[in-house]
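# Working through the structure, step by step
One-letter residues, chain by chain:
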Amino acid sequence: MITNAKRVVLAEDDVLLREGLAGLLERSSFEVVGQCGNPSELIELVREHRPDLVIVDIRMPPSQTSEGLDAARVIREELPETAIVVLSAHVQVEQATDLLATGERSGYLLKTRVTDVDEFIETVERIVRGASVVDPALVQALVAARRVEDQLDVLSPREREVLSLMAEGRSNVGIAHRLWITEGTVENHVHSILRKLRLPESDADQRRVLAVITFLDKR
């Protein structure tokens, strides 16, 4: 057992993928305290172990539709401090928006993202620390499909870039590094985005989440 390791419960009905994820996490300073292949067992394991992180497939038995996401909602309601990452084989906009709306420590990742080990682990670590992360492939698909009458037309191209990176859960520092601009410039763009989207004055982090939900919902 690794001292101070983040404790994880995995729920994936594909045994090979589940075992692969478990091995990857164990080698990356996480402690896998439970594994299962169905949503009911997942909820039982989470209640028993109260892990720091839950990783769950969206589609699970018996119907292979949204059982994993439904279980994630139960976990978020009962244990709001638990980080949750849902995995999907396909881009599904409604499910990504639904998860992000639950607040911080949430992630929606495509299963193909797992093949990039370093990026996957770095993303999971950010989610555990409090980020809300949407898979970049989903963000790109939404940008490509943007309608002319989109509410986001009020944003400049650079502001859209910043909002896209916000959707990936990047901090202002992370966005600055990605776009090769100063952190102060990023802060100015974020303030402009929130103002243009007419988001209510409230906690700054919550306004960022609302901005991202607006970004995802306008497709």
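One structure accompanies this document, and this report is about it. (Residues numbered from 1 in each chain as written. Predicted model: local features only at pLDDT ≥ 70, side-chain atom pairs only at ≥ 80, totals over all residues. Heavy atoms only, no water.)

### Quick word on the overall build of the protein chain
Secondary structure assignment for the protein chain yields ten helices and six strands. In the protein chain, which comprises 219 residues, the share counted as buried stands at 53%. Across the protein chain, every contact between residues at least 6 apart in sequence was considered, and the portion connecting residues at least 24 apart equals 63%. About 10600 Å² of surface is accessible on the protein chain, with carbon and sulfur atoms providing 51% of the total. (Helix = DSSP H or I, 4+ residues; strand = E, 2+ residues; numbered from the N terminus. Buried < 20%, exposed > 50% of the residue type's maximum accessible area, 1.4 Å probe, protein only. Contact = heavy atoms within 4.5 Å. Areas by Shrake-Rupley, 256 points an atom, 1.4 Å probe, with all protein chains shown as cover.)

### Regarding the side chain of Asp 135
Within the secondary structure layout, Asp 135 lies in the loop between β6 (132-134) and α6 (136-144). From its side chain, Asp 135 meets the backbone nitrogen of Leu 110 in a polar contact 2.9 Å long. (Polar contact = N/O pair within 3.5 Å; in protein donor to acceptor, adjacent residues only side chain to side chain.)

### Considering helix α1 (residues 15-26)
For α1, spanning twelve residues, the distance from its first C-alpha to its last is 16 Å, which sits close to the expected 16 Å at 1.5 Å a residue. If you check which residues of α1 are buried, you get Arg 18, Leu 21, Ala 22, Leu 24 and Leu 25. All buried residues of α1 lie within an arc of 165° about the axis, which places them on one face of the element. Those residues of α1 that are buried lie in contact with β1 (6-11), β2 (30-36), β3 (53-57), β4 (83-88) and α5 (117-129). Between a side-chain oxygen at the N-terminus of α1 and the backbone nitrogen of Leu 16 the separation is 3.1 Å; the capping residue is Asp 14. (Expected span 1.5 Å × (residues − 1). Arc of directions from axis to C-beta.)

### A closer look at the nonpolar core
Core analysis: the largest hydrophobic core is formed by 23 residues, its most contacted members being Leu 42, Val 46, Val 56 and Val 86. Mapped onto this core, the elements with two or more residues apiece are β1, β2, α2 (39-49), β3, α3 (67-78), β4 and β5 (106-110). (Core = buried A, V, L, I, M, F, W, Y, C linked by side-chain atoms within 4.5 Å.)

### A word on the pairing of β3
Regular strands show a simple pattern: their side chains alternate between the two faces of the sheet. The element β3 is extensively covered by neighbouring structure, given that five of its five residues are classed as buried. With burial as the criterion, each face of β3 is covered, one bearing Leu 53, Ile 55 and Asp 57 and the other bearing Val 54 and Val 56. With four bridges joining them, β1 and β3 adopt parallel strand pairing. Residue Leu 10 lies in a different strand from β3, and its bridge partner there is Ile 55. Both β3 and β4 contribute to a ladder of five bridges, which runs parallel. Paired with Val 54 across the bridge in β4 is Ile 84. Each parallel crossover has a hand, and the one from β3 via α3 to β4 is right-handed. (Pairing = 2+ DSSP bridges. Right-handed = clockwise from strand over helix to strand, strands pointing away.)

### A few points about the pairing of β5
Of all five residues making up β5, five are buried, and the element is well covered by its neighbours. Of the two faces of β5, both are covered, the one formed by Ser 106, Tyr 108 and Leu 110 as well as the one formed by Gly 107 and Leu 109. Here five bridges tie β4 to β5, and the two strands are oriented parallel to one another. Bridge pairing links Ser 88 to Leu 110 in β5. Here β5 pairs with β6 via three bridges, running parallel. Note that in β6 the partner of Ser 106 across the bridge is Ser 132. Once you follow β5 into α5 and on to β6, the crossover reads as left-handed.

### Observations concerning the packing of helix α8 (residues 172-179) against helix α9 (residues 183-196)
Viewed as axis vectors pointing N to C, α8 and α9 meet at an angle of 110°, and their least axial separation amounts to 8 Å. One way to sum up the angle between α8 and α9 is to call them roughly perpendicular. In the packing of α8 onto α9, the handedness of the crossing is right-handed. Residues Asn 172, Val 173, Ile 175 and Ala 176 of α8 form the contact with α9, whose own contacting residues are Glu 183, Val 186, Glu 187 and Val 190. (Axes fitted to C-alpha atoms, helices over the stretch in contact; angles between N-to-C directions. Parallel < 35°, antiparallel > 145°, perpendicular 65-115°, else oblique. Left-handed = near helix turned anticlockwise from the far one by under 90°.)

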